[in-house]
Amino acid sequence: MPGRPFSDDVTAEEPPWRDAFGHEEPYPEQTDGIDAAVETARDSGFVALEGACGTGKTMLALTAGVHLVRDPDSDFERVVVLTSVKQQLRQFEADLRTMNANLPDGYDPISAMTLVGKADVCPYNIEGRGSIDDENVYERCEGLRERTRGLTEETTAGGLADRARSQQIGLADSAQADGTGGDSGAEFMEVLDEPTPYPPDTVEAENDVEYCPFYAQYLDDLPEEGDASEAVPFDFTDAGLIEREDLVRMAAGHGTCPHSAMGAVLPRVEVVVGNYYHAFDPTTVGSFTGPLLDSETFVVCDEAHMLEPRVRDLVSDRVGDATLRDAESELSRVLQPLTLDGADGERTTAGLSDARDHIRAELDEADVTTDELATLREFVRDLRAELDRRVTAYLDREQRGWRADLTDLSDDEIPLRDPEQPAEDEITEWAEREGYTDAVWTRAETIGAVVARILNDAEDEDKRRAAPAVGRVLDAWHRNDHTNYFREIRLERTWDETEPGDSWRRAYNASLALHNCVPGDAIADTLGEFGGGVLMSATLAPLDMFERVSGLANLRETADRPVEHRTYGLSFSEENRASFAVATPKFTHENRGYPDEQTETRRIYANALREVARVDGNVLVGMPSYAEAQWAADALAGLDKEVLIDEASADDVTERLKAEFFRGPGKVLVTSLRGTLTEGVDYRGDRLAAAVVCGVPIINTASPRTRAVRTAYDREFGEDSGSGATGGLRDSSRNGFETALTVPAVRKARQAVGRVIRGPEEVGVRVLLDERYARDSWDSVRGYLGPEREEFQPVSPDMLSVGLEQFRAERG
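Residues numbered from 1 in each chain as written. Predicted model: local features only at pLDDT ≥ 70, side-chain atom pairs only at ≥ 80, totals over all residues. Heavy atoms only, no water.

Concerning the overall build of the chain
Now for step 1: What the chain contains, in helices and strands, is 31 helices and 23 strands.
Now for step 2: Over its C-alpha trace the chain gives a radius of gyration of 30 Å, about what one expects of a compact globule, namely 28 Å for 812 residues.
Now for step 3: When the backbone C-alpha atoms are referred to their principal axes, the chain occupies close to 95 × 75 × 60 Å.
Now for step 4: Sorting the 812 residues of the chain into buried and exposed places 53% on the buried side. (Helix = DSSP H or I, 4+ residues; strand = E, 2+ residues; numbered from the N terminus. Rg over C-alpha atoms; globule rule 2.2 N^0.38 Å. Buried < 20%, exposed > 50% of the residue type's maximum accessible area, 1.4 Å probe, protein only.)

Let's talk about the pattern of salt bridges
Now for step 1: Under the counting rule described, the total for this entry stands at 59 salt bridges.
Now for step 2: Salt-bridge contacts for R390 lead to E386; the nearest nitrogen and oxygen are separated by 2.9 Å. Taken together, the residues R390 and E386, both in helix 16 (residues 370–398) and four residues apart, mark about one turn of the helix.
Now for step 3: Under the relative-accessibility criterion, R390 is labelled buried at 15%.
Now for step 4: Among the residues examined, E386 registers a relative accessible area of 7% and is labelled buried.
Now for step 5: In this structure, the salt-bridge partner of E398 is R397, at a minimum N-O distance of 3.5 Å.
Now for step 6: Judged by its relative accessible area of 48%, E398 falls in the partly exposed class. (Salt bridge = Lys/Arg side-chain N within 4 Å of Asp/Glu carboxyl O.)

Remarks on the nonpolar core
Now for step 1: Counting residues in each nonpolar core, the largest one holds 71 residues, and the members touching the most others are F280, L527, L535 and L552.
Now for step 2: The residues touching L535, leaving out its near neighbours within four places in the chain, are F46, V47, A48, L49, C301, A304, L307, L527, L540, F546 and L552.
Now for step 3: Within the second largest apolar cluster, 53 residues are counted, among which are L409, I447, L474 and L514. (Core = buried A, V, L, I, M, F, W, Y, C linked by side-chain atoms within 4.5 Å. Contact = heavy atoms within 4.5 Å.)

Looking at empty space enclosed by the protein
Now for step 1: Summed over the entire model, instances satisfying the criterion amount to three cavities of 30 Å³ or more.
Now for step 2: What the largest cavity holds in volume is close to 150 Å³.
Now for step 3: Considering the residues around the largest cavity, the lining is formed by 16 residues, among which C122, P123, C141, C212 and C257 are closest to the centre.
Now for step 4: Of all the secondary structure elements, the ones that give two or more residues to the lining of the largest cavity are helix 4 (118–121), helix 5 (123–127), helix 6 (137–151), helix 8 (213–221) and helix 10 (258–265).
Now for step 5: It is helix 6 that contributes the most residues to the lining of the largest cavity, four residues altogether.
Now for step 6: Looking at the lining of the largest cavity residue by residue, the class counts come to 13 nonpolar, one polar and two charged. (1 Å grid on protein atoms, 1.4 Å probe; cavity = no way out; pocket = protein on both sides within 12 Å on 5 of 7 lines; lining within 4 Å. Points joined across faces, edges and corners; volume = space filled by probe spheres on them. Nonpolar A, V, L, I, M, F, W, Y, C, P; charged D, E, K, R; others polar.)

Let's talk about the pairing of strand 1 (residues 46–51)
Now for step 1: With six of six residues buried, strand 1 is to be regarded as a mostly interior element.
Now for step 2: Both faces of strand 1 are covered, namely the face carrying F46, A48 and E50 and the face carrying V47, L49 and G51.
Now for step 3: Inspection of the sheet shows strand 1 paired to strand 16 (residues 563–568) by six bridges, in the parallel sense. Within strand 16, the residue paired with V47 across the bridge is E564.
Now for step 4: Bridge count between strand 1 and strand 15 (residues 532–537): five bridges; the pairing is parallel. When the bridges of strand 15 are listed, A48 appears paired with L535. (Pairing = 2+ DSSP bridges.)

Notes on the packing of helix 25 (residues 600–613) against helix 31 (residues 797–810)
Now for step 1: The contact between helix 25 and helix 31 brings their axes to 10 Å, and the two run at 0°. Viewed along their axes, helix 25 and helix 31 adopt a mutual orientation that is roughly parallel. Contact residues: helix 25 offers I604, A608, E611 and V612, while helix 31 offers P797, L800, S801 and L804.
Now for step 2: Its residues assigned to classes, the contact of helix 25 with helix 31 shows six nonpolar, one polar and one charged. (Axes fitted to C-alpha atoms, helices over the stretch in contact; angles between N-to-C directions. Parallel < 35°, antiparallel > 145°, perpendicular 65-115°, else oblique.)

Regarding the sheet that holds strand 8 (residues 241–242)
Now for step 1: Pairing within the open sheet is parallel, and its eight strands lie in the order 8-3-9-2-10-15-1-16. Among the strands making up the open sheet, the edge pair consists of strand 8 and strand 16.
Now for step 2: Taken together, the five bridges between strand 2 (residues 78–83) and strand 9 (residues 271–275) define a ladder with parallel strand orientation. Pairing of V79 across the sheet is with V271, part of strand 9.
Now for step 3: Against the sheet, helix 3 (residues 86–101) makes contact with strand 2, strand 3 (112–114), strand 8, strand 9, strand 10 (297–301) and strand 15, and its axis sits at roughly 170° relative to strand 9, the strand it touches most.

Comments concerning helix 1 (residues 28–42)
Now for step 1: For helix 1, built from 15 residues, the straight-helix expectation of 21 Å at 1.5 Å per residue is met to within 8% by its first-to-last C-alpha distance of 22 Å.
Now for step 2: Contacts from the buried residues of helix 1 go to strand 1, helix 2 (57–70), strand 10, strand 15 and strand 16.
Now for step 3: Positive backbone phi, approximately 65°, marks S44, located one or two places after helix 1. (Expected span 1.5 Å × (residues − 1).)

Digging into the sheet that holds strand 13 (residues 485–493)
Now for step 1: Read across the sheet, four strands follow the order 11-14-13-12 without closing on themselves; strand pairing throughout is antiparallel. Edge positions in the open sheet fall to strand 11 (317–320) and strand 12 (412–415), since each of these has one partner strand only. Recorded for the sheet is a direction-independent mean angle of 25° between the axes of neighbouring strands.
Now for step 2: Relative to strand 14 (residues 508–516), strand 11 runs antiparallel, the two being bridged by four bridges. The partner of D317 across the bridge, within strand 14, is L514.
Now for step 3: Along the sheet, helix 20 (residues 466–479) makes contact with strand 11, strand 13 and strand 14, crossing strand 11 at roughly 130°.

Some remarks on the packing of aromatic side chains
Now for step 1: Here the structure, examined in full by the defined rule, presents 16 aromatic pairs.
Now for step 2: Between F662 and Y683, the aromatic rings sit 5.6 Å apart at their centres with planes inclined by 85°, giving edge-to-face as the arrangement. Taken together, the residues F662 in helix 27 (residues 651–662) and Y683 in the loop between strand 20 (667–672) and strand 21 (690–694) connect sequence positions 21 residues apart.
Now for step 3: Each residue in the set F379, W430, Y436 and W441 is aromatic and connected to the rest through ring pairs, giving one cluster.
Now for step 4: Here the basic side chain of R487 rests over the ring of W477, its NZ or CZ set 5.6 Å away from the ring centre. (Phe/Tyr/Trp six-rings, centres within 6.5 Å; stacked < 30°, edge-to-face > 60°. Lys NZ or Arg CZ within 6 Å of the ring centre and 35° of its normal.)

What to know about the environment of R705
Now for step 1: Here R705 lies in helix 28 (residues 704–717).
Now for step 2: R705 sits in the partly exposed class, given a relative accessible area of 27%.
Now for step 3: With 166 residues separating them in the primary sequence, R705 and T539 have C-alpha atoms 25 Å apart.
Now for step 4: Residues in contact with R705, not counting those within four places in the same chain, are E413, F486, E488, R490 and H515.

Observations regarding the environment of G22
Now for step 1: Mapped onto the elements, G22 comes out in the segment before helix 1.
Now for step 2: Sequence-distant contacts of G22, defined by excluding residues within four places in its chain, comprise M59, T98, M99 and N102.

Things to note about the side chain of T428
Now for step 1: Inspection of the secondary structure assignment puts T428 in helix 17 (residues 426–433).
Now for step 2: Note on T428: relative accessible area 8%, which makes it buried.
Now for step 3: Here the side chain of T428 touches W477 through a polar contact of 3.3 Å, side chain to side chain.
Now for step 4: Once residues lying within four places of it in the same chain are set aside, the contact partners of T428 are W441, W477 and H482. (Polar contact = N/O pair within 3.5 Å; in protein donor to acceptor, adjacent residues only side chain to side chain.)

Remarks on the side chain of T297
Now for step 1: In this fold, T297 is placed in strand 10.
Now for step 2: Within the structure, the side chain of T297 is placed 2.7 Å from the backbone oxygen of L292, a separation counted as a polar contact.

A word on the pairing of strand 14
Now for step 1: Across the nine residues that make up strand 14, a large majority, eight, are buried.
Now for step 2: Pairing of strand 13 with strand 14 involves nine bridges; the strand directions are antiparallel. Its bridge partner being in strand 14, R490 is matched across the sheet by S511.

Laid out in structure tokens, this is it:
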């Protein structure tokens with residue numbers, strides 16, 4: 001629902017998108033990037049853009065997209081922004097406010113909305129009412145909605161909402177008449193201090209069926225045909241950016257469901273801001289955001305260096321031992337009434353008859369037989385026994401004596417095939433030997449869905465059932481290939497006192513895991529749904545490699561969708577920063593040894609870290625792991641500065657640590673590059689004076705899953721794979737390693753040191769410790785440092801202090 005088009009009075013000084021741009025003057029990089037994005041999108045193409053901090057990427061992308069949406073000659077109707085980092089989501093919101101605040105007179109505000117989950121907008125969950133909380137909000141919501149829809153078959157949805165209103169008004173009148181006032185419990189529900197027309201808790205119909213009056217009102221307002229946004233009881237076209245609190249107050253205050261209103265508004269606002277899963281998670285797309293994925297949408301993928309790993313997680317799947325156990329129980333509870341004879345009495349027989357009739361009716365409607373139910377139960381039971389046998393055998397083989405001390409066990413992986421040789425996995429082979437046919441796998445998802453429906457009806461309980469999840473994974477396990485998918489058993493630490501003391505189940509949750517090793521096709525399939533867009537980050541180099549792994553190359557080669565590259569370095573004065581690539585020995589396990597070893601490599605790194613830590617102000621130290629972060633913190637003990645250590649912890653703990661780092665005199669913060677403090681955190685102003693990274697943070701290469709990914713990348717992107725140019729990679733045997741492991745690791749390092757300089761007046765030091773950053777050699781990563789490669793001066797360890805002192809002297 002675009003507003004008034006922006007000016008088409010094109011002059012050499014004022015490009016056609018100028019009125020949409022939110023600041024006084026664009027940077028040269030922004031002008032070039034906006035022009036490229038607009039022209040490429042008109043041809044249904046994409047721009048892959050690396051822009052250093054300060055480029056103004058968010059404003060660039062929003063301006064290009066909003067201009068196209070408002071252009072009457074364009075087919076674009078909306079912009080969808082996807083980001084994996086909450087800090088960046090807030091930046092897009094801030095830029096949208098800036099754009100609206102600076103629109104020329106006469107222009108309608110840019111309508112926009114940020115996507116949030118049900119837990120964030122459900123009135124009952126927000127206020128802690130209706131037996132709804134963060135743990136059960138999704139199941140409770142779906143159950144209430146289903147019952148509300150069922151009740152509308154007997155009466156109108158408006159009648160249900162009116163019943164809740166009149167019930168509460170009657171209570172209020174009664175309380176007023178007898179002088180009890182609010183003591184009678186007749187108060188109206190308030191959400192975020194906004195009064196609603198309903199009681200504080202969910203309500204019941206005359207037949208004692210619980211329902212949601214907010215959803216009932218939405219259904220009543222929903223037109224039988226046409227635009228669902230007509231059911232939204234407020235004007236969203238003139239509201240600018242609708243934030244979560246605005247949505248809840250406006251919707252709930254009118255008595256309608258905020259989440260349903262959000263879904264109705266989505267396709268009609270000009271800008272939607274969300275997370276990667278809103279476009280790439282099959283469940284979310286199928287149930288909620290699907291209408292956004294079409295050729296009328298201009299997509300912006302921010303933090304696009306994370307696109308590949310995040311989508312890999314979203315299109316992979318797994319099911320745990322406990323879920324298999326619960327699914328077996330659920331299947332048994334559905335089968336039981338069909339097998340009992342009701343010999344305990346007439347009432348029992350009548351109850352069984354009713355249960356049987358209901359179950360058989362549901363099975364018939366889903367075209368599921370009793371034999372299929374029984375076979376799936378038997379398969380799940382046998383599968384769980386096979387999982388137990390394999391985990392026990394593995395622990396007996398690899399960790400002898402494990403039963404003596406279950407607390408000493410750590411997370412682990414059990415591959416179900418050779419990670420480097422694509423072949424059928426051992427679970428599939430076992431199932432074939434046991435006589436389980438293809439139909440058992442392929443029908444599991446349908447059977448799981450009907451089992452959940454039967455149990456939720458029969459037990460009158462809103463609960464997420466296990467059978468659908470098991471069915472989904474079994475179907476995917478059987479359907480997907482054995483080349484790009486890797487199957488394994490994941491062992492994750494837990495503790496369950498209800499399990500026997502000598503059972504691995506007390507210490508582990510074991511999962512059957514299905515990994516998509518090469519998510520490029522899944523990414524390309526989704527990107528191909530959009531009309532065009534921008535994929536951007538401060539760390540995308542090398543762009544030709546990014547184009548291949550993100551699926552953009554597939555779109556260019558098979559669908560004739562153009563792909564343009566843009567690279568913009570730091571535009572701030574080089575005099576304000578010092579950047580060093582220090583030729584310390586490679587920070588590999590072979591060189592450094594274990595953290596408690598006093599090796600020469602560790603001595604050199606400890607000295608270099610102390611030199612950087614002495615820089616005035618706050619210093620960030622990025623290490624390859626949390627164990628190495630602890631070593632670095634110990635090595636920095638005795639400094640005049642306080643040393644803070646980040647550990648793998650909950651978000652609130654990390655936030656408190658970050659606040660402590662920013663507060664008071666300069667400190668040193670040591671963290672893992674796999675944590676959350678080296679990406680997406682705003683260290684603006686004087687919050688950070690220096691950042692130093694130790695080593696190239698390549699993930700554990702011995703992991704079966706990592707080996708499988710590397711092998712898949714060798715096959716997909718190697719010189720003999722038929723994928724075309726390799727972008728200068730030296731040979732196909734190393735192509736998979738560099739593409740899947742080395743380049744993402746260098747991006748992690750670049751993200752960390754990129755925290756230092758965030759504005760034109762900021763001053764700081766950036767240091768990369770490892771000779772692979774400093775020298776050209778067979779395993780050098782210097783070529784992956786992007787447009788700022790030449791700024792990182794190669795220096796020897798003993799010259800680092802000289803360089804730091806020289807920079808300090810030059811800055812006065």
